Amino acid sequence: MVLLHVLFEHAVGYALLALKEVEEISLLLPQVEECVLNLGKFHNIVRLVAFCPFASSQVALENANAVSEGVVHEDLRLLLETHLPSKKKKVLLGVGDPKIGAAIQEELGYNCQTGGVIAEILRGVRLHFHNLVKGLTDVSACKAQLGLGHSYSRAKVKFNVNRVDNMIIQSISLLDQLDKDINTFSMRVREWYGYHFPELVKIINDNATYCRLAQFIGNRRELNEEKLEKLEELTMDGAKAKAILDASRSSMGMDISAIDLINIESFSSRVVSLSEYRQSLHTYLRSKMSQVAPSLSALIGEAVGARLIAHAGSLTNLAKYPASTVQILGAEKALFRALKTRGNTPKYGLIFHSTFIGRAAAKNKGRISRYLANKCSIASRIDCFSEVPTSVFGEKLREQVEERLSFYETGEIPRKNLDVMKEAMVQAEEAAAEITRKLEKQEKKRLKKEKKRLAAIAALASSENSSSTPEECEETTGRPKKKKKQKFQEAPQENGMEEPAVSFSKPKKKKSFSKEELVTSDLEETAGSGSLPKRKKSSPKEEAVSDPEEAGNRSVPKKKRKFSSKEEPLSSGPEEAAGSKSSSSKKKKKLQKLSQED
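Starting from 1, residues in each chain are numbered consecutively following that chain's sequence as written. Only residues with pLDDT of at least 70 are given local features in this predicted model, and only at 80 or more are side-chain atom pairs given and counted; all residues enter the totals for whole chains, interfaces and linings. Side-chain descriptors were evaluated using all non-hydrogen atoms of the structure, hydrogens and water having been removed beforehand.

Undergrad: Can you help me understand the nonpolar core in this one?
TA: Taken as a class, soluble globular proteins show a tendency for nonpolar side chains to be buried jointly. L296, L299, I300, I309, L318 and L372 are the most contacted members of the largest nonpolar core, which totals 37 residues. Helix numbers and strand numbers start at the N terminus; a helix is a DSSP run of H or I with at least 4 residues, a strand a run of E with at least 2. Mapped onto this core, the elements with two or more residues apiece are α9 (165-194), α14 (258-292), α15 (294-300), α16 (302-312), α17 (315-320), α20 (355-359), α21 (365-385) and α22 (392-410). Take this core: its biggest share by element is 6 residues, from α21. Throughout, a contact is declared for two residues whenever any of their heavy atoms are within 4.5 Å. Setting aside residues no more than four positions away along its own chain, I300 makes contact with G305, L308, I351, S354, L372, C376 and R398. Side-chain atoms within 4.5 Å link the members of a nonpolar core, which is a set of buried Ala, Val, Leu, Ile, Met, Phe, Trp, Tyr and Cys residues. Exposed residues in this analysis have more than 50% of their type's maximum accessible area, buried residues have under 20%, and partly exposed residues fall in between, with area computed by a 1.4 Å probe over protein chains only.

Okay, structure coming up:
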């Protein structure tokens, strides 16, 4: 008996399920199909054999891409070889995608089935999957599906082989639409301005030129000889300019108001701007076609080649088409109508717009269209699959079509295709080498510019650092130098260059004396009152230790000290002695007060 297994691909991993002994015909009954919605009844039909979870989101994306492309991934191969029975003839594997089923049958040898019962079983598995796998919740399964969907879509957009063709498809579609709109608007301007100047329609045939003239002339009664030079610039023909001037003087048109003229001129300016934009868009399309499909554009022209790409959907699709399909591409309605009515099938489609078919005789139009379609198919394949795009092959193919045209007309035998392609290969190799050389030069220039830019940034950063460090050094070294200068300036004032005889000792900390020590010191002072008293300088340390009263009068003694140092050489010896006696008497009075208090 053949065992039926079902492979289910989910965002979290692969699941292999086995169907219990049930009949395939009974599964298609409506009552049995309704049982799929019930979890309890569905468990009686299906059981989970194996589940292979994906290790990461990247692995899940790789497996999803492989399944969509119909390739058997290593994870899927390992799951099937491990859990399916060894006897492959007794196994029937149900899959949802026919591509992956064909790949499994070709590589692993298992018989695969799609559709019918398998679709119903997969519908039930998709509904109850989070209940079949332990540890998987509905919320986590939805999150995994959402994440894989985003990454899969992003990868498809990023690695889309047709993404370059999209610009060509949109450009040619817009170009065709602009042609229709410009024709419609130009006819409206001709009718509207024709009420005022009907003779201008017969003189000027070009739509864009007519709109420019309508914008320039305005009221025909104001047209004179002074505007003749400008008319010649617009029409690029002196005879036409003179005819317009003569027609304006004897025109049969009606008079028109100023507000009507303003509306006509504004509408004409819009049509002129649209025609100018159409020219710029055509230039853009030509440059884009020379990059994407140079051989096809060299063979058949940019506009016809772009229409073929747009009709096929992409350059890849056009390359996959045979020459017979390319020949009638764009004439599908005529083809099916001919098949339906059993009439003559069309000989050409979009390629009719090329110059070759128009130049051929009526009896040779079908032959040259078939030959041209063959060369277009070759050119599109070269453009699609060549690494370095070049127009060499397109030019050689165009030469072959020209030779075939001359053969139809004169009977001159054209060159063989093999010889032409050999020449094209040699020239293509040279062109490819030249292109690669140019690309290498551009890359070298870019790298040099990048190096210069980085070197300039590094030099700027180093200059900023160097400019900041000297300032810091000056700040750190500037302060001690200033202190030294201040000390050096104070030294001559305090030591007194005018008083070299008197020398001052370094200040020492004052000690707290007792009353007895003070008495003894006073006696010693009185004994040596005849000698000069040595003055001690008050240092910052002394001021810190001294009383707050002395700290309050700190600035005054300094001034007195400086003043006394200058005045000391002028004072005489007896005066100093008198001063010392008075100071000793004051100290005695202080001692007496202290003894009385004790």
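Here the narrative resumes, following the displayed structure.
Undergrad: Before we go on, may I ask you to explain a positive patch on the surface in this structure?
TA: Like charges are joined within 9 Å and nonpolar side chains (Val, Leu, Ile, Met, Phe, Trp, Tyr) within 5 Å, but only among residues with over 30% relative accessible area and no salt bridge; these make up the patches. Only the protein chains shown count as cover for residues, and all accessible areas are computed by the Shrake-Rupley method using a 1.4 Å probe. Whenever a carboxyl oxygen of Asp or Glu lies within 4 Å of a side-chain nitrogen of Lys or Arg, that contact is scored as a salt bridge. In this tally, Lys and Arg are treated as positive and Asp and Glu as negative; His is ignored, and so are the chain termini. Throughout, a charge is located at the NZ atom of Lys, the CZ atom of Arg, the CG atom of Asp or the CD atom of Glu. On the surface, K438, K441, K444, K445, K448, K449, K451 and K452 cluster together to form a positively charged patch. With respect to the helices, strands and loops of the structure, K444 is situated in helix α23 (residues 417-495).

Undergrad: Would you mind going over α14 with me for this structure?
TA: Structural remark: α-helix, 3.6 residues per turn; residues separated by three or four positions point the same way. Expected span of a helix: the number of residues minus one, times 1.5 Å. End to end, α14 covers 51 Å across 35 residues, agreeing with the expected 51 Å (1.5 Å per residue, within 8%). Residues of α14 that are buried include every one of L261, I264, S268, V271, V272, S275, L281, L285, K288, M289 and V292, and no others. Residues of α14 that are buried make contact with α9, α11 (207-217), α15, α16, α17 and α21.

Undergrad: In this structure, what is going on with the environment of Q327? I would like to understand it.
TA: Relative to the elements of secondary structure, Q327 occurs in helix α18 (residues 323-327). Overall, Q327 belongs to the buried group, its relative accessible area being 12%. Remark: the alpha-carbon pair of Q327 and P346, spanning 19 residues in sequence, is separated by 9.2 Å. Among the polar contacts made by the side chain of Q327, one reaches the main-chain carbonyl oxygen of K347 at a distance of 2.6 Å. Here a polar contact is recorded for every N or O atom pair within 3.5 Å, except that within protein the pair must consist of a potential hydrogen donor and a potential acceptor, and residues adjacent in sequence are included only if both atoms are side-chain atoms.

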